[in-house]
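Examining the three-dimensional arrangement
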Amino acid sequence: MTDPLAADPPRDPEFPAVTPALTFSSGGATLLGVLHVPAGRGPHPVVVLLHGFPGNERNFDLAQALRRAGYASLVFHYRGSWGVGGSWSWGHVLEDAAAVVAGLRDPGVAAAHRLDPQRVMLTGHSLGGFAALMTAAADPSIAAVASVAGFDFGAVSALCRTDPDRRAACVEAFGDGLEPLRGASGEALVAEMEAAGESWRLARLAPLLADRPVLLIGTGCDTVTPRDVHHEPLVAAYRAQPVKHLHHHVFPTDHALSDHRVALTRTILDFLARYL
């Protein structure tokens, strides 16, 4: 194998690498995605990459490196974002993630794109990390899951209920990211988070993920998902369960892992090589 971060794999003229656009139906909207299919007959394991809020960082660097390593990878936009129909909400993100997993497992889709529907992994960043863990917990057939600087909505909801200043800051922060989104407001998004409450606390998912590989990556220089709120309590809960195949790291970087993209990619590739 060539190093997927340093070199392209050999071309396969019979089963070449391709990059088709795919669509998925969710909640009456058509989601737009891009599938990165590696060379070779397959069937290839699939990694679904779930982006954060509002989706400025879509992690295409990960998608391309995963393909070079032999994994199919999918990047898509949620309902109500970046020109996709429907309205944006946290709950719709969860519904859309589940719908995309189901769509990739459709026998016709899997066969057409050389995918292995039995080997599907979710990897998410920030909001996407939350969605990845929630979706995997609800679907025992998902093979593995990774959360990168995951946002723990349940933990933040509890803080907002007891601290009006923090709640106001969340309303302002969510409201500042709405330009690419439709049908949402900062106040509505905080209210939705508060209504979900403890049901969206990621630590409570430990029993549902106990027998599957889980990768948690925290960020040590991060004001969006500070490690003491979003990473360390989650690691403690998953270790106590225990989640048998738990891997966790903290990188000294910002929320977007701006100067740790190679380290992030190698960590995810090592995790995949072990379990998928």
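Fair warning: this is a prediction, and the values are worked out from it, not measured in the lab.

The next subject is unusual backbone geometry. Put simply, G42 and P43 share a cis peptide bond, and its omega is 5 degrees. Within the element layout of this structure, P43 appears in the loop between β2 (29-36) and β3 (44-50). That bond from F53 to P54 is cis: its omega, 0 degrees, falls within 30 degrees of zero. Residue N59 is not a glycine yet carries a positive backbone phi of 65 degrees. By the element assignment, N59 lies in the loop between β3 and α1 (60-68). Its identity is not glycine, yet A149 carries a phi of approximately 50 degrees, on the positive side. As for its placement among the helices and strands, A149 is situated in the loop between β6 (144-148) and α5 (153-162).

All right, on to the packing of α5 against helix α6 (residues 164-176) then. Where α5 contacts α6, the two axes come as close as 5 Å, and the packing angle between them is 125 degrees. Taken as axis vectors, α5 and α6 run oblique relative to one another. Between α5 and α6, the residues in contact are F153, V156, L159, C160 and T162 and P164, R166, R167, C170 and F174, respectively. Each residue belonging to the contact of α5 with α6 can be placed in one class, and the counts come to seven nonpolar, one polar and two charged.

All right, on to the state of the cysteines then. Under the defined criterion, the tally for this structure stands at zero disulfides. In this model C160 remains outside any disulfide bridge; the closest cysteine sulfur is found in C170, 3.7 Å from its own.

Between helix α2 (residues 90-105) and helix α4 (residues 127-138), the least distance of the axes is 10 Å, while the angle of their chain directions is 55 degrees. In terms of orientation, α2 and α4 fall into the oblique class. When the axes of α2 and α4 are compared, the crossing they make is right-handed. On α4, the residues that touch W90, V93, L94, A97 and A98 of α2 are L127, F130, A131, M134 and T135. Across the contact of α2 with α4, the residue classes tally to nine nonpolar, one polar and no charged.

Attention shifts here to α4. Taking 1.5 Å per residue, twelve residues should reach 16 Å; α4 reaches 17 Å between its end C-alpha atoms and fits that length. The element α4 is largely enclosed, with a buried count of eleven among its twelve residues. Among the residues of α4, L127, G128, G129, F130, A131, A132, L133, M134, T135, A136 and A137 are the ones counted as buried.

Here H248 shows up in strand β8 (residues 245-251). Overall, the relative accessible area of 34% leaves H248 in the partly exposed class. Sequence-wise, H248 and T267 are 19 residues apart; in three dimensions their C-alpha atoms are separated by 9.9 Å. Not counting residues up to four positions away in its chain, the partners in contact with H248 are L216, H231, V235 and R239.

As a further point, take the pattern of salt bridges. Two side chains carrying opposite charge are able to pair once their charged atoms lie near each other. Counted by the stated rule, this structure contains 13 salt bridges. Put simply, E95 and R79 hold a salt bridge, and the shortest N to O gap is 2.9 Å. Taken as a pair, E95 in helix α2 and R79 in the loop between β4 (72-76) and α2 lie far apart in primary sequence, 16 residues in all. Under the relative-accessibility criterion, E95 is labelled partly exposed at 44%. You can call R79 buried: its relative accessible area is 5%. The partner of D96 in a salt bridge is R79, with the nearest N and O atoms 2.8 Å apart. Of this pair, D96 sits in helix α2 while R79 is found in the loop between β4 and α2, placing the two residues 17 residues apart along the sequence.

Once that is clear, we can look at the packing of aromatic side chains. For the structure on display, the rule yields 14 aromatic pairs. Judged by centre distance (5.8 Å) and plane angle (75 degrees), the rings of F53 and F174 are edge-to-face. Placement of the pair is F53 in the loop between β3 and α1 and F174 in helix α6, with a sequence separation of 121 residues. Of the residues examined, F53 reaches a relative accessible area of 23% and is grouped as partly exposed. The buried category is assigned to F174, whose relative accessible area is 7%. Relative to F153, the ring of W90 has its centre 4.8 Å away and its plane inclined at 50 degrees; by these criteria the two rings are tilted. Here W90 is found in helix α2, whereas its partner F153 is found in helix α5, with 63 residues between them in sequence. For the pair shown, W90 and F153 are each scored as buried.

Thresholds applied
Residues numbered from 1 in each chain as written. Predicted model: local features only at pLDDT ≥ 70, side-chain atom pairs only at ≥ 80, totals over all residues. Heavy atoms only, no water. Helix = DSSP H or I, 4+ residues; strand = E, 2+ residues; numbered from the N terminus. Axes fitted to C-alpha atoms, helices over the stretch in contact; angles between N-to-C directions. Parallel < 35°, antiparallel > 145°, perpendicular 65-115°, else oblique. Contact = heavy atoms within 4.5 Å. Nonpolar A, V, L, I, M, F, W, Y, C, P; charged D, E, K, R; others polar. Disulfide = S-S within 2.5 Å. Left-handed = near helix turned anticlockwise from the far one by under 90°. Expected span 1.5 Å × (residues − 1). Buried < 20%, exposed > 50% of the residue type's maximum accessible area, 1.4 Å probe, protein only. Salt bridge = Lys/Arg side-chain N within 4 Å of Asp/Glu carboxyl O. Phe/Tyr/Trp six-rings, centres within 6.5 Å; stacked < 30°, edge-to-face > 60°.

All we've got here are geometric facts, nothing functional implied.
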